[in-house]
Amino acid sequence: MIEFDKVGKTYPNGFNALKDVNLKIEQGEFVAIIGLSGAGKSTLLRTINRMHDITEGKLTVDGTDVMQLKGKELRRFRRKIGMIFQSFNLVTRTKVINNVLMAKVPDLSFIRALFGIYPKEDRLAALEALDKVGILDKAFVRADQLSGGQQQRVALARTLAQNPQIILADEPVASLDPVTAKQVMEDFQRINKEMNITILLNIHHVELALTYASRVVGIRAGQIVYDGPVSDVNEEI
Ligand code: ADP
Ligand code: ADP
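Keep in mind it's a predicted model, so treat the numbers as computed, not measured.

> What's the story with the site of ligand 1 in this structure? I'm lost.
Neighbouring ligand 1 are the residues Tyr11, Asn13, Phe15, Ala17, Leu36, Ser37, Gly38, Ala39, Gly40, Lys41, Ser42 and Thr43. Tyr11 places a side-chain nitrogen or oxygen 3.3 Å from a nitrogen atom of ligand 1. Interatomic distance of 2.5 Å between a side-chain N/O atom of Thr43 and an oxygen atom of ligand 1. Burial of ligand 1 by the protein chains amounts to 64% of its free accessible area of 560 Å². Taken together, the residues that form the shell around ligand 1 break down as 5 nonpolar, 6 polar and 1 charged.

So, in structure tokens, the structure goes:
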């Protein structure tokens, strides 16, 4: 469970991006965080894996106080949390399978990835992850030969290969066309259901949020202004 208890975040320049955030997310939930650009969605997401540090309140994951983690513990904690970005963040000049293997076998990952030197069992696990997102046939294609939607699926497979408990997705479909965006949202939904991975996904497209997530959190100027199941959302949002 992820629990925000009166969490605040003030950036070093004094900007207060999160204010008194209270939020409990159970394992296996699929939560869409919606709000206008600048509302604080990305900040909220990035406090969970300590890409950003909170400055007030308490944030716990499975009872662990996230702000107390350091060194090896923090690295181990981060391995449980997959992160997906709007811009895919692949190494585009190497093959798809090597991109996935980088997450599976993080040591020396970059050099190994470029040359594709990995044990057979890891290669099989990477292929399995690609199969889960429907792009097994692209495993040996260079990443820069793929469409945006396919690249986002590689990013998703790369995250799956790390066996995450939680996936944080920061505007994962914002740069995709509407048809591809739906396909990627379907992937998230399937992964959530089949693997019981908690998914927190920032999205400014409300209709997609309502179609694929099970719970919606609305954020405005750093504060939660709505939190409830998709079925309860009315025109007010
Ligand atoms: P969203 O993801 O909803 O677009 P963000 O979380 O990225 O919103 O940003 C929330 C607010 O915090 C914005 O006003 C943004 O300009 C500000 N902000 C984000 N990062 C920083 C930073 N590193 N330093 C100062 N202000 C920041
Ligand atoms: P992304 O697209 O990856 O979410 P952004 O373009 O929102 O990233 O922000 C890029 C970087 O700039 C982030 O590290 C963010 O924290 C920082 N940033 C965003 N808004 C501000 C701001 N108003 N002042 C200072 N830094 C900011």
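> Explain the nonpolar core here, please?
Inside soluble globular proteins, nonpolar side chains tend to come together where they are buried. Within the largest apolar cluster, 47 residues are counted, with the highest numbers of intra-cluster contacts made by Ile167, Phe188 and Ile203. Of all the secondary structure elements, the ones that give two or more residues to this core are strand E3 (30–34), helix H3 (96–104), helix H5 (120–132), helix H6 (148–160), strand E7 (166–170), helix H7 (178–195), strand E8 (198–202) and helix H8 (206–212). Once residues within four sequence positions are removed from consideration, Ile203 is found in contact with Ala32, Ile33, Ile34, Gly35, Lys41, Glu171, Val173, Met185, Leu208 and Ala209. If you look at the next biggest cluster of nonpolar residues, it comprises 28 residues, including Leu23, Met83, Ile166 and Leu168.

> Quick question: what am I supposed to make of the site of ligand 2 here?
For ligand 2, the full set of nearby residues is Ser42, Arg46, His52 and Asp170. Contacts to ligand 2 include Arg46, whose side-chain N or O atom sits 3.3 Å from an oxygen atom.

> Looking at this structure, how should I read the confidence of the model for the protein?
A low pLDDT score tells you not to read the predicted coordinates there in detail. The predicted model of the protein averages 92 in pLDDT, with 93% of residues at 70 or higher. For this predicted complex, the interface score ipTM comes out at 0.78, alongside a pTM of 0.90.

> Explanation requested: the pairing of strand E1 (residues 2–10) in the structure shown.
Walk down a regular strand and you will see the side chains alternate between the two sheet faces. Sheet topology places E1 next to strand E2 (residues 16–25); 6 bridges connect them, and they run antiparallel. Residue pairing for E2: Val7 is matched across the bridge by Val21. The turn linking E1 back onto E2 is made up of 5 residues, and Gly14 within it adopts a positive phi angle of 95°. The pairing of E1 with strand E4 (residues 56–61) spans 5 bridges and is antiparallel. Across the sheet, Gly8 pairs through a bridge with Glu56, a residue of E4.

> What exactly am I supposed to notice about the sheet that holds E3 here?
Hydrogen bonds between backbone atoms are what pair the strands of a sheet, whose relative direction is either parallel or antiparallel. Read from one edge to the other, the open sheet built from 6 strands follows the order E6-E7-E8-E3-E9-E10, with strand pairing classed as mixed. Looking along the sheet, the strands with just one partner apiece sit at the ends: strand E6 (81–84) and strand E10 (223–229). In this sheet, neighbouring strand axes are inclined to one another by 15° on average, regardless of whether the strands run parallel or antiparallel. As paired elements, strand E9 (residues 215–220) and E10 share 6 bridges and run antiparallel to each other. Bridging from a neighbouring strand, Arg220 pairs with Gln223 of E10. Where H7 meets the sheet, its contacts fall on E3, E6, E7 and E8, and the angle it forms with E8 comes to roughly 155°.

What counts, and where the lines are drawn
Residues numbered from 1 in each chain as written. Chains lettered and ligands numbered in written order. Predicted model: local features only at pLDDT ≥ 70, side-chain atom pairs only at ≥ 80, totals over all residues. Heavy atoms only, no water. Near = heavy atom within 4 Å. Polar contact = N/O pair within 3.5 Å; in protein donor to acceptor, adjacent residues only side chain to side chain. Areas by Shrake-Rupley, 256 points an atom, 1.4 Å probe, with all protein chains shown as cover. Nonpolar A, V, L, I, M, F, W, Y, C, P; charged D, E, K, R; others polar. Core = buried A, V, L, I, M, F, W, Y, C linked by side-chain atoms within 4.5 Å. Buried < 20%, exposed > 50% of the residue type's maximum accessible area, 1.4 Å probe, protein only. Helix = DSSP H or I, 4+ residues; strand = E, 2+ residues; numbered from the N terminus. Contact = heavy atoms within 4.5 Å. pLDDT = per-residue confidence, 0-100. Pairing = 2+ DSSP bridges. Axes fitted to C-alpha atoms, helices over the stretch in contact; angles between N-to-C directions.

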